[in-house]
Amino acid sequence: MAELTYYRLDGTTSRHSKITIPIQELDVFQHCEQLRFNSLEETAIFAKDNYQQRINPIFLSKQYQFIYDARIYRDSLITVAWNEDSGEKIVKYSSLSGEISLDNYTIDGEIFDVWIIDEDKIIWINKDSQNILTIENFISNEKINFPGHSQAIISISLLEETNMFASVSEDKTVRIWDINERVCIKTIKLPGYCSKILLAKSNRLIGWEGKPQFWVYDFKNEKFLLSKTDINPVTVLINNIEKNLYVLVGRQDGVIDCYLLNSCELVWSNRLSDGWVYKIENSSDNSLLFVSGSDGNIYVIDALCGQLQQTLSGHSGGVWNIITTSKYILTSGLDETIRVWDIQSGDKIAILAGHNHKIRQMLMTDDKKYLISRDKLGNTIAWSADWDGVLS
């Protein structure tokens, strides 16, 4: 006999009442559907067997109808949000430790798109001048413009642990920028339109969703290493295994392709389903890949050879988000729930419910103490637990 544990949370405080109901394991999702909430001030946890414990929901925000981007830095969740009633675009700090480090910061300008690039910086595109990027420091109020593109900018990619970022534009160019020097260090002319780019180590730039549909460019030697016109990529991940970098490509036809990043040699290819691949995530040691898509399953595969190890089933709709810790796999998407799986056995150990809309994004703090989930309308919940410990 399993148990359903329901926490009713009193607004943004930590006061909650707990109700535990004995149920059959197969009825867990049915109870989730029956207990849909009228207010996001009510949050629930549905757990299996002896795992119902120590997952404390903290409601963070519901006053902002749209969130452009969200990042975690230290003990704060930083969001760039739009308030539909006032029209304000603000940088909002939500403290996870109880100490607010900064007041909300209002952006002075009409935003087309925006990304958080550091704990004190955002980069954004103005609606009136969509070919210019602006980096704004919301501590010092300093603004730096990066002009150069002749048409609207579509997307950017940041290279972690460096001062470099890349931007792709409707002018069919990619520009690579140095933030400190405030200059464009490389301009790459593309053969056609491209809407997604990924700036990677080893001087590699990856592009997809365009013509060609997938490509890899060596920007040091200024040449294309790979150009594919017969695939439709949805998501791309860089994985590091045994000191080699691999590019994982999830496609619309349910196939995962694995290429060596340096040579672009195809290592393996595996069709997992007939639906779209939405998300690829690796395990903490990079030996396993967790793949989700439109069919609602999570596929566990060997990262080196691509062999299917296990299929995790339970979501009733497409799965957009995957986060892994040393002990758990956390997944969410269209069915408005977060599911917690044991990474060793694949057992489903908990269902977290509280959102009334599709869950667009999940984040995990570096200390693995908070899981942040954000739904389609920007409502945000922090789930406090030892996500690297034992939930028992």
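Note that the coordinates shown come from a computational prediction; the quantities given were computed from them, not determined experimentally.

Parameters at a glance
- Residues numbered from 1 in each chain as written.
- Predicted model: local features only at pLDDT ≥ 70, side-chain atom pairs only at ≥ 80, totals over all residues.
- Heavy atoms only, no water.
- Helix = DSSP H or I, 4+ residues; strand = E, 2+ residues; numbered from the N terminus.
- Buried < 20%, exposed > 50% of the residue type's maximum accessible area, 1.4 Å probe, protein only.
- Contact = heavy atoms within 4.5 Å.
- Areas by Shrake-Rupley, 256 points an atom, 1.4 Å probe, with all protein chains shown as cover.
- Phe/Tyr/Trp six-rings, centres within 6.5 Å; stacked < 30°, edge-to-face > 60°.
- Pairing = 2+ DSSP bridges.
- Axes fitted to C-alpha atoms, helices over the stretch in contact; angles between N-to-C directions.
- Core = buried A, V, L, I, M, F, W, Y, C linked by side-chain atoms within 4.5 Å.
- 1 Å grid on protein atoms, 1.4 Å probe; cavity = no way out; pocket = protein on both sides within 12 Å on 5 of 7 lines; lining within 4 Å.
- Points joined across faces, edges and corners; volume = space filled by probe spheres on them.
- Nonpolar A, V, L, I, M, F, W, Y, C, P; charged D, E, K, R; others polar.
- pLDDT = per-residue confidence, 0-100.

### A few points about the overall build of the protein chain
Next up, step 1: When helices and strands are tallied, the protein chain shows one helix and 35 strands.
Next up, step 2: Within the protein chain, the proportion of its 392 residues that are buried is 55%.
Next up, step 3: For the protein chain, contacts bridging at least 24 residues in sequence account for 39% of all contacts bridging at least 6.
Next up, step 4: Carbon and sulfur atoms make up 43% of the accessible area of the protein chain, which amounts to about 17500 Å² in all.

### Brief notes about the packing of aromatic side chains
Next up, step 1: Following the criterion strictly, the structure yields eight aromatic pairs and no others.
Next up, step 2: Considering the side-chain rings of Phe146 and Phe165, the 5.6 Å spacing of their centres and the 80° angle between planes classify their relative orientation as edge-to-face. Taken together, the residues Phe146 in strand β12 (residues 143-146) and Phe165 in strand β14 (residues 164-169) connect sequence positions 19 residues apart.
Next up, step 3: A relative accessible area of 1% places Phe146 in the buried class.
Next up, step 4: Between Phe214 and Tyr259, the ring centres sit 6.0 Å apart and the planes meet at 25°, which makes this aromatic pair stacked. Highlighted residues: Phe214 in strand β19 (residues 214-218) and Tyr259 in strand β23 (residues 255-260), separated in sequence by 45 residues.
Next up, step 5: Classification of Phe214 as buried rests on a relative accessible area of 0%.
Next up, step 6: Judged by its relative accessible area of 5%, Tyr259 is buried.

### Some words on the sheet that holds β14
Next up, step 1: Pairing is antiparallel in the open sheet, where four strands are placed in the order β13-β14-β15-β16. Strand pairing shows two members of the sheet lacking a second neighbour, β13 (153-158) and β16 (183-189), which therefore form its edges. Strand-to-strand, the axes of this sheet are offset by a mean angle of 20°, without reference to chain direction.
Next up, step 2: In this sheet, β14 lies alongside β13 in antiparallel orientation, the contact comprising five bridges. Within β14, the position partnered with Ser157 by the bridge is Ala166.

### Description of the sheet that holds strand β10 (residues 121-126)
Sheets are built from strands paired through backbone hydrogen bonds, the pairs being either parallel or antiparallel.
Next up, step 1: Judged by pairing direction, the sheet is antiparallel, and its four strands sit side by side in the order β9-β10-β11-β12 without closing on themselves. Strands at the two margins of the open sheet, each flanked by one partner only, are β9 (111-118) and β12. Between one strand axis and the next, the sheet turns by 25° as a mean value, whatever way the strands run.

### Remarks on unusual backbone geometry
Next up, step 1: At the junction of Lys211 and Pro212, the peptide bond is cis and its omega measures out at -5° in the coordinates.
Next up, step 2: Here Pro212 shows up in the loop between β18 (204-210) and β19.
Next up, step 3: In this model, Lys172 sits at a positive phi of 65°, which is unusual for a non-glycine residue.
Next up, step 4: Note on placement: Lys172 falls in the loop between β14 and β15 (173-178).
Next up, step 5: Notably, Ser202 is not glycine yet its phi reads approximately 65°, a positive angle.
Next up, step 6: As for its position among the elements, Ser202 is in the loop between β17 (194-200) and β18.

### Description of the nonpolar core
Soluble globular proteins tend to bury their nonpolar side chains together.
Next up, step 1: With 18 residues, the main nonpolar core has Leu330, Val340, Leu352, Leu371, Trp383 and Trp387 as its most contacted residues.
Next up, step 2: For this core, the secondary-structure elements that each account for two or more residues are β30 (328-333), β31 (337-342), β32 (348-353), β33 (359-364) and β35 (380-384).
Next up, step 3: Ranked by size, the runner-up nonpolar core spans 16 residues in total, among them Leu159, Ala166, Leu190 and Cys194.

### Comments concerning empty space enclosed by the protein
Next up, step 1: Enumeration according to the criterion identifies one cavity of 30 Å³ or more in this entry.
Next up, step 2: The computed volume of the largest cavity comes to approximately 40 Å³.
Next up, step 3: Lining the largest cavity, in full, are Ala70, Leu77, Thr79, Gln361, Met362, Leu363, Ile372, Ser373, Arg374 and Thr380.
Next up, step 4: At the level of elements, β6 (76-82), β33 and β34 (370-375) are the ones that each hand at least two residues to the lining of the largest cavity.
Next up, step 5: Considered class by class, the residues forming the lining of the largest cavity number five nonpolar, four polar and one charged.

### Looking at the confidence of the model for the protein chain
If pLDDT is low for a region, its predicted coordinates should not be looked at in detail.
Next up, step 1: Averaged over all residues, the pLDDT of the protein chain equals 82, while 82% of them reach at least 70.
Next up, step 2: Low pLDDT, under 50, characterises residues 1-53; the stretch is placed with 129 contacts to residues that sit more than four places away or in other chains.

### Re the environment of Gly296
Next up, step 1: Mapped onto the elements of the fold, Gly296 is located in the loop between β26 (288-293) and β27 (298-302).
Next up, step 2: Look at Gly296 and you get buried, because its relative accessible area is 1%.
Next up, step 3: Measuring from C-alpha to C-alpha, the distance between Gly296 and Thr331 comes to 9.9 Å, with 35 residues separating the pair along the chain.
Next up, step 4: Each residue touching Gly296, except ones within four places of it in the same chain, is listed here: Leu312, His315, Gly317, Gly318 and Val319.

### Concerning the environment of Ser345
Next up, step 1: Structurally, Ser345 is set in the loop between β31 and β32.
Next up, step 2: According to the relative accessible area criterion, Ser345 is partly exposed, its value standing at 34%.
Next up, step 3: Sequence separation between Ser345 and Lys327 is 18 residues, and the spatial gap between their C-alpha atoms is 10.0 Å.

### Observations regarding the pairing of β27
Looking along a regular strand, one sees side chains alternate from face to face of the sheet.
Next up, step 1: Burial analysis of β27 places four of its five residues in the buried class, which makes it a mostly covered element.
Next up, step 2: Summarising the sheet, β26 and β27 pair through five bridges and their orientation is antiparallel. The partner of Ser292 across the bridge, within β27, is Ile298.
Next up, step 3: Taking the residues that link successive antiparallel strands as the turn, the β26-β27 hairpin has four residues, and the phi of Gly296 there is positive, at about 85°.
Next up, step 4: Taking the residues that link successive antiparallel strands as the turn, the β27-strand β28 (residues 308-312) hairpin has five residues, and the phi of Gly306 there is positive, at about 80°.

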